[in-house]
Amino acid sequence: MNDLALLLTPEGRALLDEVRDTDPARELAVATRLRREHPADLVSAALGQARLRQRAAAKFGAGDAGRMFFTPNGVEQSTRASVAAYRAGRMKDLGVTSVADLCCGIGGDAIALARAGIRVLAVDRDPLTAATARANAAALGLDGLIEVREADVTEVSTQGYDAVFVDPARRGGRGRIFDPEAYSPPLSWAVETALGAPRAALKIAPGIPHEAVPAEAEAEWISDGGDVKEAVLWFGSGAPGTVRATLLPGPRTLPGRGLPDPEVRPVGRYLYEPDGAVIRAHLVAEVAEEVGGGLLDATIAYVTADALHPTPYATAYEITDRLPFNVKRLKALLREREVGVLTVKKRGSAVEPEELRRKVKPQGPNSATVFLTRVAGAPTMLLGHPAR
């Protein structure tokens, strides 16, 4: 009997409740005590699942994570609940009532779709992963909307479903996979499947080259709390060939308008750091137009402007000092300003933030942000603070 099967027994469920909040530092002592009353393999499975649930709380929230079942790969590769809920909402807005979720993993996306009222066929070829998805649908009371099938997704018919969602595996035995054709299944298969469905969404790595995006797709880059999480190729959305950046929470969506690259201009009073999804979507020009600014350097995604124009798509900083790259001068300036908390940001610089902090040894009650970048090609340090 595998660990999941053990945990689904009445004894396993009771033990999971007992070890729910176990401090990892006390795990050995807890395991020793519990093994006097329970089989050793069940105790190990329960404590391992408790650790996974604690890790998963960051993605799924403590409430859901405390009821769900996880595998190590499932925690690592599953979609963050907020992102899955946003995508499910888009599906619902497109009129989708049923989805074939191919490569469903432990069921994170299927759960979000079902909670949006969408019927889901969730497919995964790995027996343990499929069993975990099935257990999660039941644990959250969604098994009436989610059918889990253990099968090879390339052999599953999606006829009769309003939409297809594909999340190919992008990790192999040696870590993250960057070649879309090395995904499992390959991106070309996923695109062919998408084109054969009324609507489709393909989850892909955010670093995909724009030239690899099919002409029939709308490409959307999504960030959550400032961290870029994924890119999605939408088919049948009514906007082929377009790009957008979506920021969560919100959502706030910036559509691309095909603007030319912004001009390079002198450093102004404010520096704008575009959200990572905006940068990945190549929409820095849209932000520059919104704030009335230009680029510090033709190859750097920092926007500068003379006035403060708050925007959800970029973080604004007020720049107080500009100096050529010189660690000694920066150290002296920080000492003069009594800066003890230094945030280091960089674009176009090989210097590591921790290395710079170690050299300048900031001390004092004040805080500041230093940008290591290039201005019109020249290595430059810009000192400032978040705009108020």
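Numbering of residues begins from 1 in every chain and follows the order in which that chain's sequence is written. With the structure being a predicted model, the display of local features is reserved for residues of pLDDT at least 70 and the display and counting of side-chain atom pairs for 80 or more, all residues being used for whole-chain, interface and lining totals. Water and hydrogen atoms play no part in the side-chain values, which are based on all heavy atoms of the structure.

Draft legend 1. Examining the pattern of salt bridges more closely. When a carboxyl oxygen of Asp or Glu is within 4 Å of a side-chain nitrogen of Lys or Arg, the pair counts as a salt bridge. Overall, the coordinates contain 22 salt bridges when judged by the stated rule. A salt bridge links Glu273 to Lys345, with the nearest nitrogen and oxygen atoms 3.3 Å apart. Of this pair, Glu273 sits in strand S12 (residues 270-274) while Lys345 is found in strand S16 (residues 339-346), placing the two residues 72 residues apart along the sequence. Three or more residues are tied together by salt bridges with common partners; here these are Arg87, Asp109, Asp167, Lys203 and Glu230. Counting from the N terminus, the helices are DSSP H or I runs at least four residues long and the strands are E runs at least two residues long.

Draft legend 2. How the structure looks around the nonpolar core. Residues enter a nonpolar core if they are buried and are Ala, Val, Leu, Ile, Met, Phe, Trp, Tyr or Cys, with the set joined through side-chain atoms within 4.5 Å. Three labels apply to residues, based on accessible area from a 1.4 Å probe with only protein chains included: buried if under 20% of the type maximum, exposed if over 50%, partly exposed otherwise in between. One finds Leu102, Leu202, Leu233, Phe235, Tyr272 and Val278 to be the most contacted residues of the largest nonpolar core, which totals 48 residues. Top element by residues in this core is helix H9 (residues 187-195). It accounts for five residues. Every residue in contact with Val278, bar those within four places of it in the chain, is listed here: Ala245, Leu247, Leu254, Leu283, Val284, Val287 and Tyr313. Core analysis: the next-biggest nonpolar cluster, separate from the first, contains 39 residues, Ala56, Met91, Ala133 and Val232 among them. Note on definitions: a residue-residue contact is assigned when non-hydrogen atoms from the two residues lie within 4.5 Å.

Draft legend 3. Representation of empty space enclosed by the protein within the structure. Each cavity reported here is a set of points on a 1 Å grid over the protein atoms alone in which a 1.4 Å probe fits but cannot get out, each pocket an open set with protein on both sides within 12 Å along at least five of seven lines, and each lining residue one with an atom within 4 Å of a point. Grid points are joined across faces, edges and corners, and a volume is the space filled by probe spheres set on the points. Applying the stated criterion across every chain, the model contains one cavity of 30 Å³ or more. Empty space within the largest cavity amounts to approximately 40 Å³. Around the largest cavity sit Ala84, Arg87, Ala88, Met91, Asp109, Leu113 and Phe165, which together line it. For the lining of the largest cavity, the elements supplying multiple residues, two or more each, are helix H6 (81-93) and helix H7 (108-115). For the lining of the largest cavity, the class distribution of residues is five nonpolar, no polar and two charged. As a working rule, the residues Ala, Val, Leu, Ile, Met, Phe, Trp, Tyr, Cys and Pro are called nonpolar, Asp, Glu, Lys and Arg charged, and the rest polar, with Gly in that last group.

Draft legend 4. Seen up close, the packing of H6 against H7. Axis separation between H6 and H7 bottoms out at 8 Å; the angle between their running directions is 45°. Taken together, H6 and H7 sit at an angle that is classed as oblique. Where H6 crosses over H7, the handedness of that crossing is right-handed. Along the contact surface, H6 presents Ala84, Ala85, Arg87, Ala88 and Met91, while H7 presents Gly108, Asp109, Ala112 and Leu113. Its residues assigned to classes, the contact of H6 with H7 comprises six nonpolar, one polar and two charged. Note on method: axes are straight lines fitted to C-alpha atoms, helices fitted across the in-contact stretch only, with angles between N-to-C directions ranging 0 to 180 degrees. Convention used here: angles under 35 degrees read as roughly parallel, angles over 145 as roughly antiparallel, angles from 65 to 115 as roughly perpendicular, and any remaining angle as oblique. Definitions for this section: a left-handed crossing has its near helix turned counterclockwise from the far helix by less than a right angle. A right-handed crossing has that turn clockwise.

Draft legend 5. How the structure looks around helix H2 (residues 10-18). Within H2, burial applies to Gly12, Leu15 and Leu16. For H2, the buried positions fall inside an angular range of 105° around the axis, keeping them on one side. Those residues of H2 hidden inside the fold are in contact with helix H1 (3-7), helix H3 (27-34) and helix H4 (40-65). The reported arc concerns the directions from the helix axis to the C-beta atoms and nothing else.

Draft legend 6. Up close: the packing of aromatic side chains. Only centres within 6.5 Å qualify two rings of Phe, Tyr or Trp (six-membered ring in Trp) as a pair; their planes then separate them into stacked at under 30 degrees, edge-to-face at over 60, and tilted for everything else. Under the defined criterion, the tally for this structure stands at three aromatic pairs. Ring geometry for Phe60 against Phe70: centres 5.5 Å apart, planes inclined by 55°, an arrangement best described as tilted. One end of the pair, Phe60, is in helix H4; the other, Phe70, is in the loop between H4 and helix H5 (72-77), and ten residues separate them in sequence. Considered together, Phe60 and Phe70 belong to a single accessibility category, that of buried residues. Between Tyr302 and Phe371 the ring centres are 5.4 Å apart and the planes differ by 85°, which places this aromatic pair in the edge-to-face class.

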